[in-house]
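Reading the structure
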Amino acid sequence: MISAYSEKKWIEAIGHKEDGKYTEYIYKSDLGEVVYHFYKRTAGNIDGIEYYDIASYRGAAGPKINRVKQGATKQLMEDFLKMFSKYCEEEKIIAEFAKLDPWDENADIIKEVLEAEFYGNYYCCDLTGDFYEKYNRNAKRGIKKAIAGGVYAKVDTEGETIHQFIDLYKNTETKHTVSDYYKMTDDDVRRFFDIYGENVFLINAWLKDRI
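Residues numbered from 1 in each chain as written. Predicted model: local features only at pLDDT ≥ 70, side-chain atom pairs only at ≥ 80, totals over all residues. Heavy atoms only, no water.

1. Topic: the pairing of strand β3 (residues 49-55)
Each regular strand displays side chains that alternate between the two surfaces of the sheet. Pairing analysis gives seven bridges linking strand β2 (residues 32-46) to β3, with the strands arranged antiparallel. Across the sheet, arginine 41 pairs through a bridge with aspartate 53, a residue of β3. Linking two consecutive strands that pair antiparallel, namely β2 and β3, is a turn of two residues; a positive phi of about 55° is found at aspartate 47 within it. With four bridges connecting them, β3 and strand β5 (residues 93-97) associate as parallel partners. Residue pairing across strands places aspartate 53 opposite alanine 95, the latter belonging to β5. (Pairing = 2+ DSSP bridges. Helix = DSSP H or I, 4+ residues; strand = E, 2+ residues; numbered from the N terminus.)

2. Observations regarding the packing of helix α5 (residues 162-176) against helix α6 (residues 186-196)
The geometry of α5 relative to α6 is characterised by a closest axis approach of 9 Å and an angle of 130° between their N-to-C directions. On the basis of their axis angle, the class for α5 and α6 is oblique. Judged by the sense of rotation from one axis to the other, the crossing of α5 with α6 is right-handed. Contacts between α5 and α6 involve Ile162, His163, Phe165 and Ile166 on the former and, on the latter, Asp186, Val189, Arg190 and Phe193. (Axes fitted to C-alpha atoms, helices over the stretch in contact; angles between N-to-C directions. Parallel < 35°, antiparallel > 145°, perpendicular 65-115°, else oblique. Left-handed = near helix turned anticlockwise from the far one by under 90°. Contact = heavy atoms within 4.5 Å.)

3. Some points on unusual backbone geometry
What is expected of a backbone is that most residues other than glycine have negative phi and most peptide bonds are trans. Of note, the phi angle at aspartate 47 is positive, near 55°, even though the residue is not glycine. Of note, aspartate 47 is situated in the loop between β2 and β3. Taking the relative accessible area as the measure of exposure, aspartate 47 reaches 79% and is therefore exposed. (Buried < 20%, exposed > 50% of the residue type's maximum accessible area, 1.4 Å probe, protein only.)

4. Overview of the pairing of strand β1 (residues 21-29)
One ladder, built from nine bridges, connects β1 with β2; its direction is antiparallel. By the bridge assignment, tyrosine 22 is partnered in β2 with tyrosine 39. Where β1 folds back on β2, the antiparallel hairpin that results is connected by two residues.

5. Focus: the side chain of glutamate 18
Within the element layout of this structure, glutamate 18 appears in the loop between α1 (8-14) and β1. Owing to a relative accessible area of 12%, glutamate 18 belongs among the buried residues under this scheme. Only 3.0 Å separates the side chain of glutamate 18 from the side chain of tyrosine 181, close enough to count as a polar contact. Each residue touching glutamate 18, except ones within four places of it in the same chain, is listed here: Tyr39, Tyr57, Arg58 and Tyr181. (Polar contact = N/O pair within 3.5 Å; in protein donor to acceptor, adjacent residues only side chain to side chain.)

6. Brief notes about the packing of aromatic side chains
According to the stated counting rule, one finds 18 aromatic pairs in the structure shown. Chaining the aromatic ring pairs together yields one cluster made of Tyr25, Tyr36, Phe38, Phe80, Phe84 and Tyr87. A cation over a ring is seen here: arginine 190 above phenylalanine 193, with NZ or CZ 5.6 Å from the ring centre. (Phe/Tyr/Trp six-rings, centres within 6.5 Å; stacked < 30°, edge-to-face > 60°. Lys NZ or Arg CZ within 6 Å of the ring centre and 35° of its normal.)

7. Some points on a nonpolar patch on the surface
Together, Leu127, Val155, Phe201 and Ile203 give the surface a local cluster of nonpolar side chains, amounting to about 370 Å² of exposed area. With respect to the element layout, leucine 127 can be found in the loop between α3 (107-114) and α4 (137-148). The exposure class assigned to leucine 127 is exposed, which follows from its relative accessible area of 52%. (Patch = residues over 30% accessible without salt bridge, like charges linked within 9 Å, V, L, I, M, F, W, Y side chains within 5 Å. Areas by Shrake-Rupley, 256 points an atom, 1.4 Å probe, with all protein chains shown as cover. Salt bridge = Lys/Arg side-chain N within 4 Å of Asp/Glu carboxyl O.)

8. Here we look at the pattern of salt bridges
The final tally for this structure, using the stated rule, is nine salt bridges. Between lysine 74 and glutamate 112 there is a salt bridge, and its shortest N-O distance comes to 2.9 Å. Pair noted here: lysine 74 is in helix α2 (residues 73-90) and glutamate 112 is in helix α3, with a separation of 38 residues, a long-range link. Judged by its relative accessible area of 37%, lysine 74 is partly exposed. Judged by relative accessible area, glutamate 112 falls into the partly exposed class, the value being 46%.

Okay, here's the thing in structure tokens:
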């Protein structure tokens, strides 16, 4: 599955909320190419030497294989890891937090080589097919009940309902006491519409004249 997290557009849309300097590391060899996007941040100064840590931006943005020879995926990742470790030594990078893309076709091998640990679930709906059929029985029952009660869905491709979306999102912010990192404004969402154009939209559930 193609993930928006690996696109430069995603960085354009969310970069203003990240700390540090956006950095791109590219490893190439006869076996293929691995690209790693991250933010480099100051970690501290010891004896006059500046040290750094790096972190993925929101979403999932660990090392990504752009191309690889058939059967060489694991070797490519192992070679990448050796070279990237040297890069971190040279750049005084002492800590890393990478969120790997679970939908990447090489996700299992990348996870194995990097010794990644489970951090949390990612959820998505595959809009290229009938994702409703993949919902569990309780979810389907809830949807049918909502429809019977007069709820209907409308797609907003212009961003006309961004403010209503943010009003609803603020309930989530309050409920989970989120940090500023996860808070969003109308302008934050508008950036997605401006950058992605027709490829971004809001799906709203309406009851009579209210979302």
